[in-house]
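What the coordinates show
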Amino acid sequence: MKDLKELNRSELIDEFEKAGFPSYRGEQVFNWLYKNGVSAVEEMKNIPKKMRQFIDENYELSDLKEINRSTAVDGTVKYLWELNDGENIEGVYLPFPKSGRHSTCISTQVGCGLGCSFCATGIDGLQRNLTTGEIVDQVIKVQKDISGSNFAEPRLSNVVFMGMGEPLANFDNLMKAVEIINADQGLNIGMRKMTISTAGLVPEIKKLARTNDQIGLAVSLHAPNDRLRNKIMPINKKYNLNQLLTAVIKYIEKTGRRVTFEYVLMDSVNDSPELSVQLAELLRGINCHVNLIPANPVPELGIERPVQKVIDSFYETLDRNGIQVTLRKEMGTQIDAACGQLKRNKN
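Residues numbered from 1 in each chain as written. Predicted model: local features only at pLDDT ≥ 70, side-chain atom pairs only at ≥ 80, totals over all residues. Heavy atoms only, no water.

As recorded in an unreviewed UniProt entry, the chain goes by the name Probable dual-specificity RNA methyltransferase RlmN, listed as coming from Halanaerobium congolense. Under the heading Subcellular location (unreviewed entry), UniProt records this for the chain: "Cytoplasm". Quoted verbatim from the Sequence similarities (unreviewed entry) field of the UniProt record, the comment on the chain reads "Belongs to the radical SAM superfamily. RlmN family." (UniProt positions renumbered as here; feature names shortened; annotations may be inferred.)

Residues Glu42, Glu43, Asp56 and Glu57 make up a contiguous surface patch of negative charge. If you trace the backbone, Glu57 turns up in helix α3 (residues 49-58). (Patch = residues over 30% accessible without salt bridge, like charges linked within 9 Å, V, L, I, M, F, W, Y side chains within 5 Å. Areas by Shrake-Rupley, 256 points an atom, 1.4 Å probe, with all protein chains shown as cover. Salt bridge = Lys/Arg side-chain N within 4 Å of Asp/Glu carboxyl O. Lys, Arg positive; Asp, Glu negative; His and termini not counted. Charge placed at Lys NZ, Arg CZ, Asp CG, Glu CD. Helix = DSSP H or I, 4+ residues; strand = E, 2+ residues; numbered from the N terminus.)

What follows deals with the pattern of salt bridges. Two side chains carrying opposite charge are able to pair once their charged atoms lie near each other. Per the stated rule, a full pass over the model turns up 13 salt bridges. As a salt-bridge pair, Glu27 and Arg9 come within 3.1 Å of each other at their nearest N and O atoms. Highlighted residues: Glu27 in helix α2 (residues 23-34) and Arg9 in helix α1 (residues 9-18), separated in sequence by 18 residues. Under the relative-accessibility criterion, Glu27 is labelled partly exposed at 30%. Across the pair Lys141 and Asp63 runs a salt bridge whose closest N-O atoms are separated by 2.7 Å. Of the two residues, Lys141 is situated in helix α4 (residues 132-147) and Asp63 in the loop between β2 (59-60) and β3 (65-71); the sequence distance between them amounts to 78 residues. Within the structure, one salt-bridge network assembled from shared partners comprises Lys5, Asp63, Asp137 and Lys141. (Buried < 20%, exposed > 50% of the residue type's maximum accessible area, 1.4 Å probe, protein only.)

Axis separation between α1 and α2 bottoms out at 7 Å; the angle between their running directions is 135 degrees. By the criterion of interaxial angle, the relationship of α1 to α2 is oblique. Judged by the twist between their axes, the crossing of α1 over α2 is right-handed. Contact residues: α1 offers Arg9, Leu12, Ile13, Phe16 and Glu17, while α2 offers Ser23, Gly26, Glu27, Val29, Phe30 and Leu33. (Axes fitted to C-alpha atoms, helices over the stretch in contact; angles between N-to-C directions. Parallel < 35°, antiparallel > 145°, perpendicular 65-115°, else oblique. Left-handed = near helix turned anticlockwise from the far one by under 90°. Contact = heavy atoms within 4.5 Å.)

Listed below in structure tokens is the structure:
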């Protein structure tokens, strides 16, 4: 059976019109799902019994089951959700009280097949892509958690596709989810408030530039030369730095948007003064911003963060060379909810 959360607004309207129901009934169902966050058809109070019965007989409804959560002292919440087939994924809520932002980091795959040397998600490999409904339902679940049953305030303001998996490897389901999350009749989160992170899938970066010029792009870089990047990010053997940066520059030209390069600083791996100079030279002239991320602990991988003096020196080299750079604020580290720490962990 089709999942109702696989369908955008126009598809819902078409589905129910073909079944003999007025077009406005499809709009009502869309509103129940995304303005009210209902998880069962019987909660759609203004939908006639006959139509609710039709939906029950012909459709299913994505409904992630929360099986665990952890809350950090900074307010970060990490969720472990179970999918209908028994697989599980993690997602994160990130509050920023000073700015009033409410952000969520969500997953696009069960596991990951890219095998980056510093990321816990890829330890068990890729199990499967998430469906559109499973991607969207993460946002719904976080929104309902922070706002309560009224599904109103506070509202999620930002969505980052930086959880488990490589988002662009699940391109079609991801982009349909983005459309649903953005719809002003539903969750109404602006395209410019959403960011897709990628390890460097060149064809999909080009495709994204052609199909959506509003959503943000973050590229996981982590090394300024092919020799090192091949070692820590196997995807670089398929799409090297020259190919990646060529695609990114074309993306910037097409969209007019600044790109973020994420750089996880790992002790004695990619944090030397020489590499900071190489990175500055590599990115000079590109409309970009570097997000330095001190490595978060992943015991299975033996990765450690550099001492603060090394982090500061790396930052200062980039800044001195005219590269826009920030040091990411650590959130959720103690509950394994930070960058590189998400995995299918039931403990």
